[in-house]
Amino acid sequence: MTGARASVRLSVSSLRAHKRRFAGTFTAVLLGVSFLAGTLVMGDTLRAGFDTMFANAAGGTDAVVRSTNVVTVSGEGQGTRQPVSTTLVKTIEQTPGVAAAAPDIQGAGQLIGADGKPIGGQGPPTVAGNWIQDPKLNPYKLAEGRAPSRSGEVVINRGTADRGGLKIGDTTVLRTPDPVRVTVVGLATFGGEDGMGQATYTGMTQADAEKYLTPKPGEASSIQVRAGPGTSQQELVDALTPVLPADTEAITGQASAAENQSMISGAFLSLFTTLLLVFSGIVLLVATFSIHNTFAIVVAQRTRENALLRALGASRRQVLGSTLVEATAVGVLASAAGLAGGIGIAAGLQALFPAVGFPFPDGALVISGISLLLPLAVGVLVCLGSALLPAVHAGRTAPLAALRETAVDDSAASRTRAVTGVLLLLAALGAILIGVLAHPSVWPSAAGAILALAAFVVLGPAASTYAVRILGAPLDRLRGVTGALARRNALRSPKRTAATATALMIGVAVVSLFTVFGASLKATMNQTVDRSFAGDVAISAPVFGAGGSGLSPALAPAVGRLPEVSTAVGLGKGVAEVNGAGRALTVTDPAALARVFDLGPVSGSMNALGPNGIAVSGAEAAERGLHTGSTARLTFTDGKQQTFTVRAVYDRSELAGTYVITRQAWAPHRAQDSDRLIAVSFKDGVSTADGKAAVEKTAAAYGSPDVQTRGEYARSSAGSIDMMLTLVYALLALAVLIALLGIANTLTLAIHERTRELGLLRAVGQTRSQLRTMVRWESVLVAAFGTAGGLLLGGFLGWVLVKASEGAGDTPFAFALPPTRLLVVALVGITAGALAGWRPARRAARLDVLRAIAAD
Amino acid sequence: MTTTIRTGVVAAARVVDAVKVYGTGDTEVRALDGVSVDFPAGRFTAIMGPSGSGKSTLMHCAAGLDTLTSGSALIGDTNLSALDDRRLTLLRRQRIGFVFQAFNLIPTLTVAENITLPIDLAGERGDREWIDALIDTVGLRDRLHHRPSELSGGQQQRVAVARAFAGNPDVVFADEPTGNLDSRAGQEVLRLLGRTVRRTSRTVVMVTHDPVAAAHADEVVFLADGRLVDRMPDPTAERVLDRLKAFDPSPGATAVTP
């Protein structure tokens, strides 16, 4: 008992005495915990906000009547559902317990902003529908102006109006995808917010909606029903079910709202929070290395103190205990501060998001027990885990060590370490070889990646000696003895140098991994266009997410009639279940497609698929057991089934998709009609510039979609990849920052150790600026080592990821190392090292010469 | 109290009316209380005195490691109080050599690199012949590429002596250079200092509390309570011990080598 109390007392006094040493540890834990807590709180708050929003929006709808025919393609959210007939509204209204019913038509419609550019379309959906007159059944509420009453009048949600600079009375264009001139007559809110996230909404009259958004009049996506007084939602559904035709169902309003909610929570929020959680994991991993290093150094510096305690009769357990208590204290304090920081971050984002046009649902922050306990526990465990080994070391201090000079552990790599490291590396390579070459798949590759990381960490001390020697070689010539001193200081304790650099290495490795992967994606796109696209220009709708309204199906024939054009083929999108599994179909003119795309070797012919023939990609055919001449049963969203004959099997699916079907075959089953891509090839002798200008002129009448040359088309995906990379860089900046704090902290501790040496250097004539240079270069060397290791590891793992992805999918994947970007990463790492050394260097230069020489 | 200014002998370093006060009010300590002394060029001078007599402070101020409260310290004709930190550092590098009691060498540098450290810091080539001769004088030619941790304490101090002289300084200041050595190794270092002064007309100022060490010098100056109290040319250990006894009723306490 008293022993434990003594441990605690020792820890408290030690913490008080070495506040500065623990500042770095404290900050690292604080930042990591803040990130984690912020993510959790923000996730909960967003989820609660969306729940409230959907509950508010759908509050007046007691039942939804819809078709039971739905085709879901894996990887796509909600699936495509067959429309219902609006004539059902009458039947429903006459059912007892029903107060009102209204058809709900939902399609895609992209608004053009005041600046002539489309609003949104990069991700969130662009919804257009009929404005439901019954305010209780309409999830959108009129906030300003009035409801549309004449053809061409629309209500749009306020968020969209703000983003597009539109106001009541403005006339603009709605692409459905055919351009429709519309006048804004009202602004609406959704569930009390300016919109449903970033989704845009346009409400038209019912006649307009039927005209532009449905393939034939008299159809709606669903029918919204309101119950009369005293009828519960379930009672309403029970009353409706018997009167509905086959293939039609009624669900309660609550169930419908829950479906929508789970779509948002599932597709968007989970992805978002998972991403952030992964990054807080990386941040905490980096922090762990940083903190472990600090404890190791502090314990080494206290060897004498601990030995004295042991000599005076403190037990091994008491010394160990005091170090662990210290770690716990730092962990608890820093985690508590981190919790506050995390809640602050969430509150800040809540305030910031609306400012950048993302409606963050109102309402108080949701702080659940988990979002408090989990980060707290993780913070304390990270601290305790990091301190465990150093604490055991401290406990093992022999009482005799009190009499020796404080010895810094300058041993390089032990044999065991080298052997372990090499074994780990071999295991990593083995797993990766299996994952990449033998049985391409992600799991062995991921295991290999983790093993490779472990190998790098274990081999760090051995590598640091060589790496610093090589990296620092130019320093002697560049900076003379100051440079030589910097280099040798960095070489002094290989374990410490390696541990310090490891944190940065992990950060840089993840950055380079994403950089390499992003560049490979771009290279893949280039390669795809190069080998599969034989046309001259492409007209494309946004390819990213569910946004946009696609291209008018009338555009391809119009372009095809141009004198410059030899072939123009539009690719539309359809869905169907092929032998029971939901699949996306490419709806097109297959013969023309084969002229503009290079499909690779084709068995059979694309020229005569007809109304009952399909073409399949080779990989899909192999997987589903299809071949030329075999048959496949397709079930469409309207519930109809038809047997098709496979007339062609083609090799390259990256642009054409896995199934190709004729427009003729698709026409009876189509919904709102649009093309996602139009590929155009010019007649011989027509220059790309002339041809492109002619196509653009024609396209102007169809809402001016982007007309891209082959190169532009290949690069069009680069924008979204760069956006993703920017987000990743921003998130990883925190990890790099923590790693740099670690370097600064280690340097500060090292300077403390070397006080006398620094005093001596100053006495024999080292100027302050030479001393600062020396410390900064040491910092740069450590950072350069970490950066080099990170680039190597990240580049390698990038290659593994690319190869594993290629193996897992059936499209070829190009590997690319972007030299400029990687050079920038290297420069940032090294410059950051110089910055990390700034403060320790200044502190060192300020040492009083005499006192430093006399220091203990 | 009385200072003898030898005419005709140039002072390599001197202090004039040197006052150094630590603290203020009740805690005020006058470490130096109006000391004027010159350290003639080409001579080996020892500074002696009981603990707290101000001998270390005098050396630190004369060497530009510490600043005087009033009065002046000069190296040759250069008044140290007029120099900023940078110029003072350059002066230490070019015109002063140091030998400290312990921890004289940079552990990451080899013996050879430690010897040329001040010259290397200046980015100069230095006088290679002179350095070569020094290395032979201190007898460490076979250890040039060793690290300090591979040397004995005496060897380390000899490297420090070589470093102190390497840049051809105006004056070498030695602060208890034998304080951490056994008597045999100490003797070797002292003989080395004396030999270098006499053979090559260098100037050495050494602070010591050991009469045996002081006996190696050409002259001993005695300090007590921050004042210069005596000078003794051509000292011997016995005479120095006797002189010290006069300061203190129990001279053994300060005069015995630890």
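Quick caveat, the model's predicted, so the values are computed rather than measured. (Residues numbered from 1 in each chain as written. Chains lettered and ligands numbered in written order. Predicted model: local features only at pLDDT ≥ 70, side-chain atom pairs only at ≥ 80, totals over all residues.)

**Q** How should I be thinking about the domain arrangement of chain A in this particular structure?
**A** Quoted interface sizes are often the accessible area lost when the parts come together. All names here are of chain A. Each assigned domain of chain A is listed with its residue range as follows: domain 1 (60-252) and domain 2 (551-704). For domain 1 and domain 2, the distance between their C-alpha centroids amounts to 30 Å. Taken together, the 20 residues of domain 1 in the interface contact 19 residues of domain 2. Mapped onto the side of domain 1 that touches domain 2, the elements with two or more residues apiece are β2 (70-71), β3 (80-81), β6 (106-108) and β11 (171-175). Within the side of domain 1 that touches domain 2, the residues separate by chemical class into nine nonpolar, seven polar and four charged. (Domains from an automatic or database assignment. Contact = placed C-beta atoms within 7 Å. Helix = DSSP H or I, 4+ residues; strand = E, 2+ residues; numbered from the N terminus. Nonpolar A, V, L, I, M, F, W, Y, C, P; charged D, E, K, R; others polar.)

**Q** In this structure, what is going on with the environment of R842 of chain A? I would like to understand it.
**A** Summarising the element assignment, R842 of chain A is placed in helix α24 (residues 838-845). Separated by 66 residues in sequence, R842 of chain A and R776 of chain A have C-alpha atoms that sit 9.4 Å apart.

**Q** Before we go on, may I ask you to explain the interface of chain A and chain B in this structure?
**A** Every contact between the two is made by 21 residues of chain A and, on the other side, 20 residues of chain B. Of the residues assigned to the side of chain A that touches chain B, the class counts are nine nonpolar, six polar and six charged.

**Q** Please clarify how the sheet that holds strand β15 (residues 222-227) of chain A should be interpreted in this entry.
**A** Neighbouring strands of a sheet are bound in pairs by backbone hydrogen bonds; such pairs are parallel or else antiparallel. Residues and elements named next belong to chain A. Spatially, four strands are ordered β5-β15-β1-β16 in an open sheet, and the strand pairing comes out antiparallel. The open sheet has two free edges, formed respectively by β5 (98-104) and β16 (248-252), since each of these has just one partner strand. Each adjacent strand pair in this sheet contributes to an overall mean axis angle of 25°, direction not counted. Pairing of strand β1 (residues 63-67) with β16, which is carried by five bridges, proceeds in the antiparallel orientation. Note that in β16 the partner of V65 across the bridge is A250. Docked against the sheet, helix α6 (residues 233-240) engages β1, β5, β15 and β16, running at close to 170° with respect to β16. (Pairing = 2+ DSSP bridges. Axes fitted to C-alpha atoms, helices over the stretch in contact; angles between N-to-C directions.)

**Q** Teacher, can you tell me more about the sheet that holds strand β9 (residues 219-224) of chain B here?
**A** All names here are of chain B. Spatial ordering of the open sheet is given by β6-β7-β8-β3-β9-β10, a layout of six strands whose pairing is mixed. The outermost strands of the open sheet, each flanked by one partner alone, are β6 (96-99) and β10 (227-233). On average, each strand axis in the sheet is tilted by 20° relative to the strand beside it, whichever way the strands run. With four bridges joining them, strand β3 (residues 44-48) and strand β8 (residues 204-207) adopt parallel strand pairing. Across the sheet, the residue bridging to A46 is M206, located in β8. Here helix α6 (residues 153-166) sits on the sheet in contact with β6 and β7 (171-175), set at roughly 170° to β6.

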